[in-house]
Amino acid sequence: FEAQLQGHTRECSLKDVIDKIHTPNGIIRAEDISTLTILLNHSITRGGVYHRHRRGFISWNQRGYSLSGGLDVWTGFKFSIIATEGSDVVVRINKTFVPMVKKSSLLNFIFEGGNIRRQMATDEINKKSALLKRLKVVTVHNNRKYTLRGLSHETPATYVIPDSGITIEAYFKTTYDKVLKYPNLPCAKVDNRTLLPIELCDIAEIQPLEANLPPEAQKNFIKKSREDPADKLESVKKCRDILVDAVNPWLKDNYGLVLSKSLPIVVNAKILSPPKLRNSSQNSANLKVTNGSWRNSSIFNPSAIPSPSSGSGKVQLQMISLHAHLTVDKLKLMDTHIRNKAKNMGIKYPDKNVKYTYITKSNLDSQISKAMYSFVIMNNNKEYGEIKNAETVSSRIQCITAQVAKKISGDKPNHRIIENILYKYNMKISGYNWTVDLDSCQEILSLFTKFTMIMGADVTHLTEREDMPSLASVVGSYNKSATCFYSAVSPLFPESGKKSVEYISSIDSILRKFVSKNVVKPSNIIYLRDGVSRGQFENTAMKELELMKSVCPQTKFAVIICTKLHDQRFVKQRGNGYDNLDPGTVVDENVVDANYFNFYLCSHASTQGTSVPCHYYVLYDDFNISATAWQTYCFYLCHSYGIVSKSVSYPAPVYYAHNACSSARERFLAGYKDTVWDEIDEAELPSAEEIAAKIHPYQNCYH
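A few points on the structure. These figures come from a predicted structure and were not determined experimentally.

1. Overview of the overall build of the chain
Scanning the chain from terminus to terminus reveals 18 helices and 29 strands. The C-alpha atoms of the chain give a radius of gyration of 28 Å, which matches the 27 Å a tight globule of 703 residues would have. Projected onto the principal axes, the alpha-carbon positions of the chain cover approximately 80 × 70 × 55 Å. Counting every position in the chain, which comprises 703 residues, the buried fraction comes to 50%. Long-range contacts, defined as pairs at least 24 residues apart, comprise 68% of the intrachain contacts of the chain with a sequence gap of at least 6. For the chain, the exposed area adds up to about 33,600 Å²; of that, 48% sits on carbon and sulfur atoms.

Here it is in structure tokens:
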């Protein structure tokens, strides 16, 4: 066959790349790294033992361990290459865990080896359909291979084959003399026109699961793939040995290259001091941070639920239960515990005119409108989007799962959970819980002598369809201490056609909020962006900077990329063993990218597995601030996530943007919960206006 390359192509001499590696202080470019990556990928797979799976490699010659529901967990490895300071080329290796589908009948996989029912409900068909996408099956009756697109709501007993006038059930009886045992179960979809009885399909071979794991399987997968620092180090060493043994003979014979089997690189790190926090405007910084967390007994700026207008019939607060076993009496007891804790913390919480009710979801919209603020006890997280769709600007909702509610509705409630509920409550009504004292970071503090806005941004996808838009969330601070944020979520459609894009094109609503509070536009903007890979810096982050500069030409900017989607792991040697990094640990030499100002920062205390540090790239800096100052400020921002009293792994503005994206996506999908997106024609897809109406009915980012 012939393949035609379209768009920009580049010739790259492998000899020139190898010469650069062997030349002291040789300049290694991005395309050189791409060339080396292609070379290593080929050398790994050429022997036929290792096979590509997404960004990594797995060997078929292994036995995994059982997960659940017809799935196993297999292990593999992945790598990435980076040119570090001093022009050393470093290969970063990490162990991967892959959910694999066992070879079995499709029926057994769908029903997880249990009793096979005669029919399936609509929501169960949709869930299983998502799990089966891209799964390879072989038919029992004629031994043909197909790739599944999911399950159809048609059954062999009811679906009439076009131009034949007979059902699928009758076709298999007359053509293959097959009497179907389960004619009322859904058919398997293998292309736009072909439907097959699922009882005549077998899973063709052991294969990676391409779909997302179901929630229960996901929990088990996380447990089985979790490794403590010492185990992680040993795993990386084994992956290194596998990689080196697989590629070195061929690389050495053909290109004179070898990968070193040396020990993992030892790097120097520094540990930043935690910031000083204050929970009152009346005193100096008084909250002591210990190993990334602190106890907070009061609130810096408590806010209050607005009073309903007279004659509206609304109350300030109501407690709603959608869970049959959380009765009104339980709601009253939970409310008492929350009120008592709020009083102790100085939070303004209604002490009268509170409603308590148990309802079904069908009555939720009308009930929500009866209060300014509602705590809604949901049965599980799957109900979140549907519940939040009932929220309006004047009727706010805070969701609590039934599992959490049970822990705070008894005689001995969990006070830490109540504190976290109140932190979120106070921020949703425009208060804030503590501030970070910048006195020990004078370079950053100097920026706040002028009007400064801290922005966070993230992008996610609504569905897997390319002709559906991405969702972009931007949050921006509007008060002097950068503790109150406003958010805007919008669908990203390009100017022509409906294919998703990744760059954020507008910050107008964020700026309007800032100006409404401060009269002027910000003099300084620090823009923290998640969801951008290294290859997208110029086309995404810097393009967004150009757009922001066109709106704020007099404003000074800094652009910082934050990501945890990388292969780099660190462990700390402690005596004869290994431990996770301490909060505040910074690595900015030896293993960082030589082409950018970048560093790794572990800002949180990891309680399970091996911690993943956040990788920061400072792409643009109008302020000429020192490396230590940026590292310190990013660490400080990880302490300003006002919903929990501990340092988190991302800066708070990025976390808020991520939460806004996730909440918007859940609200949108809840409005189309029975929709199978792959089956919808492009003309029937929701418009930009319809999507915008569903994803963002209000602008507070504490969801």
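2. Some points on the packing of aromatic side chains
Evaluation of the coordinates by the stated rule reveals 27 aromatic pairs. Ring centres of Y349 and Y425 lie 5.6 Å apart, and the angle between their planes is 55 degrees; on these two criteria the pair is classed as tilted. In this pair, Y349 is assigned in the loop between α8 (328-345) and β16 (354-358) and Y425 in helix α12 (residues 415-428), connecting sequence segments 76 residues apart. We note that Y349, like Y425, is buried. Chaining the aromatic ring pairs together yields one cluster made of F485, Y641, Y650, Y655 and Y656.

3. Let's talk about the packing of helix α2 (residues 30-45) against helix α7 (residues 229-255)
Contact geometry of α2 with α7 gives a least axis separation of 9 Å together with a crossing angle of 110 degrees. Accordingly, the angle class assigned to the pair α2 and α7 is roughly perpendicular. The crossing of α2 and α7 is right-handed. Taking contact as the criterion, the partners of L39, L40, H42, S43 and I44 in α2 are, on α7, L243, A246, V247, W250, L251 and Y255. Here the contact of α2 with α7 is composed, by residue class, of 9 nonpolar, 2 polar and no charged.

4. Some points on the packing of helix α1 (residues 14-22) against α2
One way to put it is that α1 packs onto α2 with a least axis distance of 10 Å and a crossing angle of 105 degrees. Looking at the two axes, α1 sits roughly perpendicular to α2. Contact residues: L14, V17, K20 and I21 in α1; D32, T35, L36 and L39 in α2.

5. Describing the pattern of salt bridges
Counted under the stated rule, the structure contains 30 salt bridges. Between K145 and E205 there is a salt bridge whose closest N-O contact spans 3.3 Å. Residue K145 is located in strand β7 (residues 145-147), and its partner E205 is located in the loop between β11 (201-203) and β12 (207-208); the two are separated by 60 residues in the primary sequence. The class of K145 is exposed, set by a relative accessible area of 57%. For the salt bridge of D593 with R534, the shortest nitrogen-to-oxygen distance reads 2.4 Å. Taken as a pair, D593 in the loop between β27 (585-587) and β28 (597-602) and R534 in the loop between β23 (524-529) and α15 (537-551) lie far apart in primary sequence, 59 residues in all. When salt bridges that share partners are traced, they join R295, K341, R416 and E419 into one network.

6. Regarding unusual backbone geometry
For N590, which is not a glycine, the phi torsion comes out positive at approximately 70 degrees. Its location among the elements puts N590 in the loop between β27 and β28. You will see that N624, though not glycine, has its phi angle at about 55 degrees, which is positive. Residue class for N624 comes out exposed when judged on its relative accessible area of 67%.

7. Description of the sheet that holds strand β18 (residues 396-401)
On the basis of which strands lie adjacent, the open sheet formed by 4 strands has the order β16-β15-β17-β18 and parallel pairing. The strands lining the two open edges of the sheet, one partner per strand, are β16 and β18. Between one strand axis and the next, the sheet turns through 20 degrees on average, direction left out of account. Taken together, the 6 bridges between strand β15 (residues 315-321) and strand β17 (residues 371-378) define a ladder with parallel strand orientation. Paired with V315 across the two strands is A371, which belongs to β17.

8. Some thoughts on the nonpolar core
Membership of the largest hydrophobic core comes to 41 residues, with the highest contact counts inside it found for I444, I454, I526, I560, Y616, W630 and Y633. Aside from chain neighbours lying at most four places away, what touches W630 is I444, I526, A558, I560, F597, F599, V618, D621, F623 and I625. Residues M120, L180, A188 and L200 belong to the second largest nonpolar core, which totals 38 residues.

9. A closer look at the pairing of strand β24 (residues 556-563)
With 7 of 8 residues buried, β24 lies mostly within the body of the structure. The pairing of β23 with β24 spans 6 bridges and is classified as parallel. In the strand pairing of β24, I525 is matched with F557. Tracing the backbone out of β23, into α15 and back to the parallel element β24 gives a crossover that is right-handed. By the bridge criterion, 6 bridges tie β24 to strand β29 (residues 614-621) in an arrangement that is antiparallel. Note that in β29 the partner of I561 across the bridge is Y617.

10. Concerning the environment of N426
Inspection of the secondary structure assignment puts N426 in helix α12. What makes N426 buried here is its relative accessible area of 0%. In this structure the C-alpha to C-alpha distance between N426 and S281, which are 145 residues apart in sequence, comes to 16 Å. Apart from residues lying up to four places away in sequence, N426 is in contact with I299, N301, P302, S303, G431, Y432 and N433. For N426, the side chain forms a polar contact with the main-chain nitrogen of S303, separated by 2.9 Å. Within the structure, the side chain of N426 is placed 2.9 Å from the side chain of N433, a separation counted as a polar contact.

11. A few points about the side chain of R667
With respect to the helices, strands and loops of the structure, R667 is situated in helix α17 (residues 652-670). No salt bridge forms around the buried R667; measuring N to O, its nearest opposite-charge neighbour E391 is 5.6 Å away. At 2.6 Å, the side chain of R667 forms a polar contact with the side chain of S663.

The rules behind the values
Residues numbered from 1 in each chain as written. Predicted model: local features only at pLDDT ≥ 70, side-chain atom pairs only at ≥ 80, totals over all residues. Heavy atoms only, no water. Helix = DSSP H or I, 4+ residues; strand = E, 2+ residues; numbered from the N terminus. Rg over C-alpha atoms; globule rule 2.2 N^0.38 Å. Buried < 20%, exposed > 50% of the residue type's maximum accessible area, 1.4 Å probe, protein only. Contact = heavy atoms within 4.5 Å. Areas by Shrake-Rupley, 256 points an atom, 1.4 Å probe, with all protein chains shown as cover. Phe/Tyr/Trp six-rings, centres within 6.5 Å; stacked < 30°, edge-to-face > 60°. Axes fitted to C-alpha atoms, helices over the stretch in contact; angles between N-to-C directions. Parallel < 35°, antiparallel > 145°, perpendicular 65-115°, else oblique. Left-handed = near helix turned anticlockwise from the far one by under 90°. Nonpolar A, V, L, I, M, F, W, Y, C, P; charged D, E, K, R; others polar. Salt bridge = Lys/Arg side-chain N within 4 Å of Asp/Glu carboxyl O. Pairing = 2+ DSSP bridges. Core = buried A, V, L, I, M, F, W, Y, C linked by side-chain atoms within 4.5 Å. Right-handed = clockwise from strand over helix to strand, strands pointing away. Polar contact = N/O pair within 3.5 Å; in protein donor to acceptor, adjacent residues only side chain to side chain. Lys, Arg positive; Asp, Glu negative; His and termini not counted.

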